[in-house]
Amino acid sequence: MSDVLDQLQQVLEARKQADAETSYVASLHAKGLNKILEKVGEESVETILAAKDAGLSGDNTDLIYETADLWFHTLVMLSHLGESHTAVLQELARRFDLSGLEEKASRGKQ
């Protein structure tokens, strides 16, 4: 599955330099970090609302769609800041042998 993330990362990097008139990703980069963060926030709220609706209806279709939008815009944000999904995957892998409570407690020590 990370093949999809790898392919998407390649597309996102290529589109950074594309024409903002013809590429949505390029237009986000051209508008700057604040616009990208606005989109991440918007997609976060839409994902939360879709989860709430899914909890009531049992239909996860919109939840999956909105989560994909959230992940996409988060990847654009990471790309804009010179990072990629691999750094996030490495951090998740690092946490495998930690309990969630231990990991959370360790953040206060940094």
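Going by the structure above, here's the rest.
Residues numbered from 1 in each chain as written. Predicted model: local features only at pLDDT ≥ 70, side-chain atom pairs only at ≥ 80, totals over all residues. Heavy atoms only, no water.

> Go over the packing of helix α2 (residues 24-31) against helix α3 (residues 33-57) with me, naming the residues and quoting the values.
Put simply, α2 and α3 touch, their axes get as near as 5 Å, and they point 120 degrees apart. Between α2 and α3, the angle falls in the class oblique. Contact residues: Tyr-24, Leu-28, His-29 and Lys-31 in α2; Lys-35, Ile-36 and Lys-39 in α3. Counted by class, the contact of α2 with α3 contains three nonpolar, one polar and three charged residues. (Axes fitted to C-alpha atoms, helices over the stretch in contact; angles between N-to-C directions. Helix = DSSP H or I, 4+ residues; strand = E, 2+ residues; numbered from the N terminus. Parallel < 35°, antiparallel > 145°, perpendicular 65-115°, else oblique. Contact = heavy atoms within 4.5 Å. Nonpolar A, V, L, I, M, F, W, Y, C, P; charged D, E, K, R; others polar.)

> Describe a nonpolar patch on the surface, listing the residues and the values that go with them.
A contiguous nonpolar patch, built from Val-88, Leu-89 and Leu-92 and spanning about 230 Å² of accessible area, is present on the exposed surface. Take Leu-92: it is sitting in helix α5 (residues 85-94). (Patch = residues over 30% accessible without salt bridge, like charges linked within 9 Å, V, L, I, M, F, W, Y side chains within 5 Å. Areas by Shrake-Rupley, 256 points an atom, 1.4 Å probe, with all protein chains shown as cover. Salt bridge = Lys/Arg side-chain N within 4 Å of Asp/Glu carboxyl O.)

> Any details on the packing of α3 against helix α4 (residues 61-80)? Residues and values, ideally.
Closest axis-to-axis distance for the α3/α4 pair is 8 Å, and the angle between their directions is 160 degrees. Taken together, the axes of α3 and α4 are roughly antiparallel relative to one another. Taken as a pair, α3 and α4 cross one another with a handedness that is left-handed. Contacts between α3 and α4 involve Leu-33, Ile-36, Leu-37, Lys-39, Val-40, Glu-43, Ser-44, Glu-46, Thr-47, Ala-50, Ala-51 and Ala-54 on the former and, on the latter, Asp-62, Leu-63, Glu-66, Thr-67, Asp-69, Leu-70, His-73, Thr-74, Val-76, Met-77 and His-80. Of the residues assigned to the contact of α3 with α4, the class counts are 11 nonpolar, six polar and six charged. (Left-handed = near helix turned anticlockwise from the far one by under 90°.)

> Summarise α2; cite the residues concerned and give the values.
All buried positions along α2 are accounted for by Val-25, Ala-26, Ser-27, Leu-28 and His-29. Capping of α2 at its N-terminal end is provided by Ser-23; its side-chain oxygen lies 3.4 Å from the backbone amide nitrogen of Val-25. Downstream of α2 by one or two residues, Gly-32 has phi in the positive range, about 100 degrees. (Buried < 20%, exposed > 50% of the residue type's maximum accessible area, 1.4 Å probe, protein only. Polar contact = N/O pair within 3.5 Å; in protein donor to acceptor, adjacent residues only side chain to side chain.)

> Give a description of the pattern of salt bridges that names residues and reports values.
Think of it this way: side chains of opposite charge can pair up when their charged atoms draw near. In the structure shown here, the tally under the stated rule is six salt bridges. As a salt-bridge pair, Lys-35 and Glu-38 come within 3.1 Å of each other at their nearest N and O atoms. Residue Lys-35 and its partner Glu-38 are both found in helix α3; the two are separated by three residues, about one turn of the helix. Here Glu-38 falls in the partly exposed class, since its relative accessible area comes to 46%. Residue Glu-42 is joined to Lys-39 by a salt bridge in which the shortest nitrogen-to-oxygen separation is 3.0 Å. Of this pair, Glu-42 and Lys-39 both sit in helix α3, three residues apart, which is roughly one turn of the helix. For Lys-39, a relative accessible area of 13% gives the class buried. One connected set of salt bridges, linked through shared partners, spans Lys-39, Glu-42 and Glu-43.

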